[in-house]
Each structure stands twice: as C-alpha cells, then as structure tokens.
Amino acid sequence: MRLQRLKVEQLRQFRKPFEIDGIAPGLNLFVGPNEAGKSTLVRAIRAAFFERHRSSTVEDLRPWGDSTAAPTVELDFMVGDTAYRLRKSFLQRKRCELRHGAHSLDGEDAERHLASLLGFAFPERGASRPELWGIPGLLWIEQGQAQEIRDPVRHAADHLRTALESSVGEVASTQGDALIAKVRSERERLLTPGTGRPTAELKKAIDARDELQAELDEIDARIAAWRQQVDRFASLKGEHAAEAEAKPWESLHAQQRQAEQALAASEALVRQRDADTAALLQADERVRLFEQQLAAFEEERRALQQREAGVAEAVQRLDTSAAIEARRLSEQAAADDAYRAAADALDHARQHDLRQELALRASESRSRIEELDALLARCEGEQVRIGQLRQQAAASAIEAADVDRLRAQGKALDALQVRRQVVATRIRFDLADGVPAMLDGAALAGSGERLITTPTTIDIQGVGRFEILPGGDTLAALAREEADQRAAHDDLLLRCAVPDVAGAEARLAAHRQAKQDADLAAATLASLAPKGIDALQAELAAQHARHEAAQGRLSALGAEGPPVQPPWAPAPLAEAEAQHAAAKLHADTIAGQLAEAKQARLVAHEQHAAALREHEGLRVRLDAPDRHARQAEAGRQLLAGRAEQAALRASIASRTAAIDGTQPEMLKQSVERFQRSAELAQHAHQERQAQITLLAGKLEEAGAQGFEETRAVLAVRLEAATRRQRELDLRAKALDLLLGRLEAKRQDLTRRLRAPLQVRIDHYLRLLFPKAALEIGDDLLPGLLTRPATQGQESGAVSELSHGAREQMGVLTRLAYADLLQAAGRPTLVILDDALVHSDSDRLDRMKRVLFDAAQRHQVLLFTCHPAAWRDMGVAARSIAREQGPDAG
C-alpha cells in the first residue's frame, strides 16, 4: 500500500482545508512543533479507515467550540497497481465514498471493501476498538505506543499465521514432550514456572536461612551498639566534669550586663532627640499659621480690585440679556403661524395617501390571487406524480440484504470452483503417432492436458485400462458443498424473482431510483407548498377577503364625497410630514430659546446685585481701624518662629550624631546574643547530665541479657540451614539447566517452522544489536533476547528492557512483520508518530539504518517534533506548520 495524498478539513485544529500531496513511495519525514497537528493527521488516517462514517463516538475529531463542524478526510492511495480515492465525513455530514478505477462504492459497501482489502474489521456498534484493527493496528504506531507490541500482534495474529502458512500445533507432537513435562514438574517443585524464583521447599529453606541470618545480624548490631554506648558514656562524663569546673555561662552573663548598660545610655539620647523633634513640629505649625495670616491680608487687597471689575461686567451682561429676550418674543410669533399652516397641509396629504394605499392593496391582492391559482394547479400535478412513482418503487421492491447475500453466494460459488480446480487431478500426455488412446470414450492424440474432477478411465491399445479417482474425499466434499451452495443460491434467486445477481442488482437500482424520484417529487412539492396545500388554499381565501375589503373602503371614501381641497396641489405625505415636523421643531426651538433668554435676564439681574453686595462688604473690612496693627504683629511673630526652628534643627542633628556613634541596634543584638548563649550553655550542661544517667541504665540492662551466648547458638543453627539451602539450590539449578536444554531442542524445531519471520527479525536485529538473537514465541511475539555482555552473554525478556529499548524493539519487530505480510501479498504501510523519542544518539543512529533499510520495501510515514535528529535520513523534511499556512488551524 502506498499513500499519495492526504487532505483534512474541519478536523481538530485544521478548521480550514489542509492538504499534503506528493507523498513519496519510501521514507517520508513530517516535522513540526508540539500542537502543530502531527498526531491529528495520524488520527485522521486511522479514523478514515477504522471508524464507521455513521459513528457518533468520534467527537474528538470536532474542532473545539464548533458544534456544526463536519470533520472530513480524503486519501489517495495505491494497492498494487490499483489507484483508490477515499473520502469520509463524520458527525454533521456523514458520508463515505471509495473510488477505484471505474468503480465507485458508497457507505457500508465502501467500508466493507476497505476492511477486506487492508485486513481489519469494523465494530457492530460504537467506537472502533484495537482488537479489530488487524494489520494496520500493528503497523500504524501511535504516539507513545511503540513499546506496546503484545496486543497489536495478538489482534493481527490470524493474518500473520496465514502469511507464515504454518501452524504452531505441529510442535506439540514433537517426541520428548513427556520428558519435558516431567522435568518441568520436578523443577516447579523448587522454582516458579515463569520467573524461576524459589518456591515450596527451596523457598522455605531460603526463608529459614534468611530468618536466622537476620537474627544473627540483629544480635551483632545490638553488641556493636552496646560497645558504642560504653564509649559514649565515658566521653560524656569527661565533657560534663570539664564544663562544671569552667562554668562558661557566668562570663556570658557578665558580657550581657555590660551591653545592657551601654544600651540604656543610647536610649536616653534617643528620648532627648524625640523631645526636640516634637518641639520642632510645634514651631513649624506656628510659622505656617503666621504665614497664612499675612497672605490673607494681601489676598483681601487684591480681591477688592477684582470685585470692582466684576460689578462692571454684571451691568454689561444685564443689558445684553434684556435685548436678546425682546428679539426672541418676535421670532416666536412668526414660528407659531408657520406651524399652523404645516398642520393643515399634513391633513390633506394623509387623505390623499390613504386613497393611493387602498388602490395598491387591491392591485397586489389581485396579482397574488392569480399566482396562488397557478401554484395550486402545479401542486396537484406533483401529488399525482408522487403516487405513480411510489407505486413503481413498490412494484420493484427488493431487500438490499438479499442482494448482498446473492453477491456473497456468487463469490462463494466462484471460490468453490477455484478450489475444485486446485484439488482436481491434471493429466498431461504426449502420445506417439499411431498409438490409439481413449479418455472416457473420447480419442486422445498428440500432446495436451486434461483436468479430471470425476472418476475417469483411460484405454491404451496394447497396454490396458487406467482408472483415475481424482481428489478423494476432498473433491467429493467440495462438489457436495458447491451443490448445497448452488441450491441455496437458486432458491434465493427464485424468492427474489430475478434470473441472476446482475438482475437483482438492476432491480435494486431501479427500486432505489424510483424511491429517489419519489423523494425528489415530494421535495419539489414541499418547496412549492412548505406548509401544505391547505395553507395555500387558506392564503387564497385570505387574499380574496383582503381584495374585497380594500375595494369596500375605496367605495366608502368615494360615497363620503371629496374633502375640501386647498388652492394648491397636495404635497406627498412624506414631504408634508417632514415640513410639519420641521415647523414644529422650529417653533419648539424658538420657545426654548425664549425661555432661556428670560432665565438669562433674571440670572444677570441677580449676579449684578450680588456683585454690588460683595464689593461693599470687602471695602468695609479693608477700612477697619485695627487692620494695620494686626498685620505688623503677625510679621514679628513669624520672625521669632523661624529663629526657634533653626535652633531646634541644630540640636536634633547633634543628638542624632551621638546616637549613631553608640549603634543602639548592635547593642540590642549583643544583649540578646549573650543572653541566649548563656541559656544554651546551661541547658546543654543539664542535657548532658540526663544523657549520662540514661546511658548508665541502658548499659546495666544490656549487660544482663547475655548477647554473646545467644549469638553462638544462632551461628550453629545458621550453618545447618545454609547447607540445606545449598543442596536444594543445586538440585534446582540442575533441573533448570536440563529443562533449558530440552526446550532449546524443541525451540529449534519451532524456529524452523517460523523461519521466514525469524529471517526478517534477524535481519533487522543485526542492525540494532550485532551478534544478538531474539526468540519468537508460539504466539508470534518477541520473547527472550540474548546479546553480548561484558562477561559472556546475557539473556532476558524484551518486556524487562528499558522503555527506550522496548520502544526500539517494538519498531524493529513491526518492520519484520511488514516484510512477512508484503511477501504474502498483503498491503503494508508503516506510520510512526513521534516514535523513538527515548533513544540515545547511538541507538537512534542504528534505528535510522533500520528504518532506511525498511523504506526500500515499504512506504514509511515518520512524524516528529525533533527535525534536527532526523536530518541525515536522505529525504527532505516536510514542515507541517509551513504546509498548513498562517490561516489554518
């Protein structure tokens, strides 16, 4: 299988169409950062094949926040020499189309063809599951799943066994199985079957030895602890006696008292500086008050000059507002006359417009009545056609399931004929001239070939008669099976009333076409009458009523007589309404301006009176007899306050310098340090005394327990238990070795049966682990890996390797399976989504050689977010981000 083109739309971050074309036959490298959409493209490929198009369990394909999206995937690929195009849409527009050559399949037919072609299956309902993925599930590696090989192989086991054309059941009949079973039984009495760990009697012997060893270790630990406690007791007593004589805490208390005296002197300086600071704040406040008082005297003098200018301005505003009020009164009278004239013109225009509207309604109703009459006639014709088409569909009805069964039976009959030809006996002859020979009474001459499917006789003159019985029971069974299949096929053809499969397919196509035509006619009828024919008839009656009502009102207006007409022609209604609105707006505007002018005149009058009062009051205050004396006193107080400020600032600076010299914070820290040191020294002395008392009690208790005697008894018991454990361990190793040799012999036979797969495994394994060997189990899964080690060789299960190594082995074995499947003629495509990310540089280089070699036989799609690690693969890397473009996703 070779993928040529991939296109997605409305799928996760690919909201807009995104296409990758020109995919090469061998290795293809797609790179991009996280969230670029690499895993989304892999998910799209898997969904296109594994998910049913009608499935409702693929909500993960929908872009975030877009409930109306219809995720779509389109693929172009080759299988052999046949080109395929698959297009599948999910959720909103559920559809599946598959085209190959001149053929086209839709829906479930297309999905069944895909499953049969590629080797997987669909679920009966719900989301697709790994156990149904078959060959693609094995070869298409999802992100983070390369190391998981057991389940994918198990799900594709049938396809792999078919490719191997062998059965693991042949191994079960190998001679020596009884001996292997006996040796295995004896071994399992001492070792577990899978891991080879001790069990039963050997496990008990090991546990007894370990238990005695643990008891001996515990006794040794107690003896060592007792000796350490003796040494510790002597050391503590010496330290305690030396400290009791020195009494270091007394000197620390003396240093503490010296530091406290220095700290008290420094705090006295701080209190004096704080008093000067408070006095300075009071002096600052007095200076500020005197400055404000002098500024107020000056402000009153300037304010009198401003009040005189304000009185003159108030007089001017009062005269101006009176003139504006008189002008607004004249304008209001003219605006009222214009408004009354516009109102009369609007009344005449409305009467004229009503007559025109009624006439228009009557004309529109008449036109709609004619349209509805024609539409009702067309709908009745469509109803008759729908009935005829539905009768045709009923007459040609046939079940699609029956047609599918006929197709399957036809394919089964063809397969049986092929099998009979394979099983039948072929006779090739080359007779000499003149030698008469007869085949079931028919003459044979010259050379040729005959296919024998029934008992036959050959007569050769001068030689005798040969009776040929071809195929034995197998051919007869095939003949009986073909007869049964033929009878069931003919019976189904009779029940479906068709001559053959082609006739059934033609009848089904005719039935579907008739149903489609009937549905199209019904859709046409629905488009003509969305609410039904009854709604059209109701609308027709309503239009008749509307037409009659309009004609009646026109007649009534004519009976009342024409209105009194003005001497001029009536203006259009819109123009009259606009003129009326403009006249009203103008009149309202003039009225508002008049009110504003009156208000402005009253305000100007009040402002003039207020300005006169303020000017007179301020002049009285400035002419007060004591004003000059108060201003002079404030000046003298201001000078005295500033002199006091200067003296206080000098005192504060002097005391601050003295305080900084004593460093009060350092003195506080020294007091705390000496106090804590003295307390700690006294506490340590008391703690050491308590430890001495406690150790003395423990040593007395330990001396009475007899540790040395107990240890001697345990040593004797441990020696006996060790001898028993060694005897059983030697027997277990001998049985294990014998079983390994026997199973190796049987594995050699198994290996020959699976030689094709083993050859491909060995081919790739040599590229990753030179001189290594990998066993393939009866279940076709990788088992024991043997490879060179520092000393000799080492063996272990693949499942016990590191994560990175298991990931490498998972890719390697999948490529071997792909080679096997390709040799058997099955389509193969290898996909790796960010695989091998846990490989070191050396292993990665080896895996690159493996992948490059596999790409010579298979198409490989490699998606990675580490482009620098793959730049030496000999192919150009295609960036998902660049191909996606700035507007996608």
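Residues numbered from 1 in each chain as written. Predicted model: local features only at pLDDT ≥ 70, side-chain atom pairs only at ≥ 80, totals over all residues. Heavy atoms only, no water.

Engineer: Just checking my understanding: could you explain the overall build of the chain for this structure?
Structural biologist: The helix and strand tally for the chain stands at 20 helices and 20 strands. The C-alpha atoms of the chain give a radius of gyration of 55 Å, which is well past the 29 Å a tight globule of 889 residues would have. When the 889 residues of the chain are sorted by exposure, 34% land in the buried category. Expressed as a percentage of contacts within the chain between residues at least 6 apart in sequence, the contacts between residues at least 24 apart total 72%. For the chain, the exposed surface amounts to about 51,500 Å²; the carbon and sulfur share of it is 52%. When the 121 positive and 134 negative side-chain charges of the chain are each reduced to one mean point, those points stand 3 Å apart. (Helix = DSSP H or I, 4+ residues; strand = E, 2+ residues; numbered from the N terminus. Rg over C-alpha atoms; globule rule 2.2 N^0.38 Å. Buried < 20%, exposed > 50% of the residue type's maximum accessible area, 1.4 Å probe, protein only. Contact = heavy atoms within 4.5 Å. Areas by Shrake-Rupley, 256 points an atom, 1.4 Å probe, with all protein chains shown as cover. Lys, Arg positive; Asp, Glu negative; His and termini not counted. Charge placed at Lys NZ, Arg CZ, Asp CG, Glu CD.)

Engineer: I'm lost on the sheet that holds strand 10 (residues 437-439) in this one. Help?
Structural biologist: Hydrogen bonds along the backbone pair up the strands of a sheet, which may run parallel or antiparallel. The strand order 11-10-13-14 describes an open sheet built from 4 strands, whose pairing is antiparallel. Single-partner strands in this sheet number two, and they are strand 11 (442-444) and strand 14 (464-468). Averaged over all adjacent pairs, the angle separating strand axes in this sheet is 25°, with direction ignored. Both strand 13 (residues 456-460) and strand 14 contribute to a ladder of 5 bridges, which runs antiparallel. The residue of strand 14 that forms the bridge with D459 is R465. (Pairing = 2+ DSSP bridges. Axes fitted to C-alpha atoms, helices over the stretch in contact; angles between N-to-C directions.)

Engineer: In this structure, what is going on with the environment of F18? I would like to understand it.
Structural biologist: Its location among the elements puts F18 in strand 2 (residues 18-20). A relative accessible area of 2% places F18 in the buried class. Taking the C-alpha atoms as reference points, F18 and E370, 352 residues apart in sequence, are found 52 Å from one another.

Engineer: I keep staring at the sheet that holds strand 5 (residues 82-89) and nothing clicks. Help me out?
Structural biologist: Read across the open sheet, the 6 strands follow the order 2-1-4-5-6-7; overall the sheet is antiparallel. The open sheet is flanked by strand 2 and strand 7 (103-106), the only strands paired with a single partner. Going from strand to strand, the sheet's axes swing by 10° on average, the running direction of each strand aside. Relative to strand 5, strand 4 (residues 72-79) is paired through 8 bridges, and the arrangement is antiparallel. By the bridge assignment, L75 is partnered in strand 5 with L86. Sitting on the sheet, helix 1 (residues 38-50) is in contact with strand 1 (2-9), strand 2, strand 4 and strand 5, with an inclination near 75° to strand 4.

Engineer: Can you help me understand the environment of Q822 in this one?
Structural biologist: Mapping Q822 onto the fold places it in helix 18 (residues 803-823). Judged by its relative accessible area of 31%, Q822 is partly exposed. Placed 36 residues apart in sequence, Q822 and H858 show a C-alpha to C-alpha distance of 8.5 Å. Dropping the residues within four chain positions of it, Q822 is found in contact with T828, R857 and H858.

Engineer: What exactly am I supposed to notice about the pairing of strand 17 (residues 793-797) here?
Structural biologist: Along any regular strand, the residues point their side chains to alternate faces of the sheet. Note: strand 16 (residues 782-788) against strand 17, 5 bridges, orientation antiparallel. Within the sheet, the bridge partner assigned to T786 lies in strand 17 and is S795. What sits between strand 16 and strand 17 in their antiparallel hairpin is a turn of 4 residues, with G792 showing a positive phi close to 80°.

Engineer: Would you mind showing me how to read the pattern of salt bridges here?
Structural biologist: Opposite charge on two side chains permits pairing when their charged atoms draw close. Evaluated as defined, the whole model comprises 57 salt bridges. One salt bridge in this structure joins R43 and E51, with 3.7 Å as the shortest N-O distance. The pair formed by R43 and E51 is uniform in burial state, with each residue classed as buried. Here the salt bridges do not stand alone but share partners, grouping R5, E19, E74, D76, R85 and R87 into one network. (Salt bridge = Lys/Arg side-chain N within 4 Å of Asp/Glu carboxyl O.)

Engineer: Please explain the confidence of the model for the chain as it appears in this structure.
Structural biologist: Predicted coordinates in regions of low pLDDT should not be interpreted in detail. For the chain, per-residue confidence averages 82 on the pLDDT scale, and residues scoring 70 or more make up 94% of the total. In this model residues 166-175 is a low-confidence stretch, pLDDT under 50, and it forms 10 contacts with partners more than four residues away in sequence or in other chains. (pLDDT = per-residue confidence, 0-100.)

Engineer: Help me understand empty space enclosed by the protein, please; the structure alone is not making it clear to me.
Structural biologist: Any empty space left between atoms is shown by rolling a water-sized probe over those atoms. Under the counting rule described, the total for this entry stands at 4 cavities of 30 Å³ or more. Estimates place the volume of the largest cavity at around 40 Å³. Looking at which element gives the most residues to the lining of the largest cavity, the answer is helix 3 (residues 134-139), with 3 residues. For the lining of the largest cavity, the class distribution of residues is 8 nonpolar, 1 polar and no charged. (1 Å grid on protein atoms, 1.4 Å probe; cavity = no way out; pocket = protein on both sides within 12 Å on 5 of 7 lines; lining within 4 Å. Points joined across faces, edges and corners; volume = space filled by probe spheres on them. Nonpolar A, V, L, I, M, F, W, Y, C, P; charged D, E, K, R; others polar.)

Engineer: Looking at this structure, how should I read the packing of helix 8 (residues 248-395) against helix 14 (residues 627-662)?
Structural biologist: Each packed pair of helices is defined by two parameters, the angle between the axes and the distance between the axes. For the pair helix 8 and helix 14, the least separation of the axes is 7 Å and the interaxial angle reads 155°. For the element pair helix 8 / helix 14, the angle class is roughly antiparallel. Remark: the crossing between helix 8 and helix 14 carries left-handed chirality. Looking at side-chain class alone, the contact of helix 8 with helix 14 contains 15 nonpolar, 12 polar and 12 charged residues. (Parallel < 35°, antiparallel > 145°, perpendicular 65-115°, else oblique. Left-handed = near helix turned anticlockwise from the far one by under 90°.)

Engineer: Just to check I follow, could you spell out the side chain of Q256 for this structure?
Structural biologist: Here Q256 is to be found in helix 8. Overall, the relative accessible area of 11% leaves Q256 in the buried class. Sequence-distant contacts of Q256, that is, excluding residues within four places in its chain, are made with V671, F674 and Q675.

Engineer: Could you clarify how one ought to interpret the nonpolar core in this entry?
Structural biologist: Looking at soluble globular proteins, one finds that nonpolar side chains tend to be buried together. The biggest cluster of nonpolar side chains holds 96 residues, and the ones touching the most others in it are F49, L75 and F77. At 10 residues, the largest contribution of residues to this core is made by helix 18. Residues contacting F49, with those up to four places away along its chain left out, are M1, L75, F77, L86, K88, L114, L118, F120, F122 and W140. Among the nonpolar cores identified, the runner-up in size contains 15 residues, and L372, L376, A521 and A529 belong to it. (Core = buried A, V, L, I, M, F, W, Y, C linked by side-chain atoms within 4.5 Å.)

Engineer: Explain the packing of helix 17 (residues 755-768) against helix 19 (residues 841-854) here, please?
Structural biologist: The contact between helix 17 and helix 19 brings their axes to 8 Å, and the two run at 145°. Where helix 17 crosses over helix 19, the handedness of that crossing is right-handed. Judged by residue contacts, H763, Y764, L767 and L768 of helix 17 engage R843, R846, M847, R849, V850, D853 and A854 from helix 19. Each residue belonging to the contact of helix 17 with helix 19 can be placed in one class, and the counts come to 6 nonpolar, 1 polar and 4 charged.

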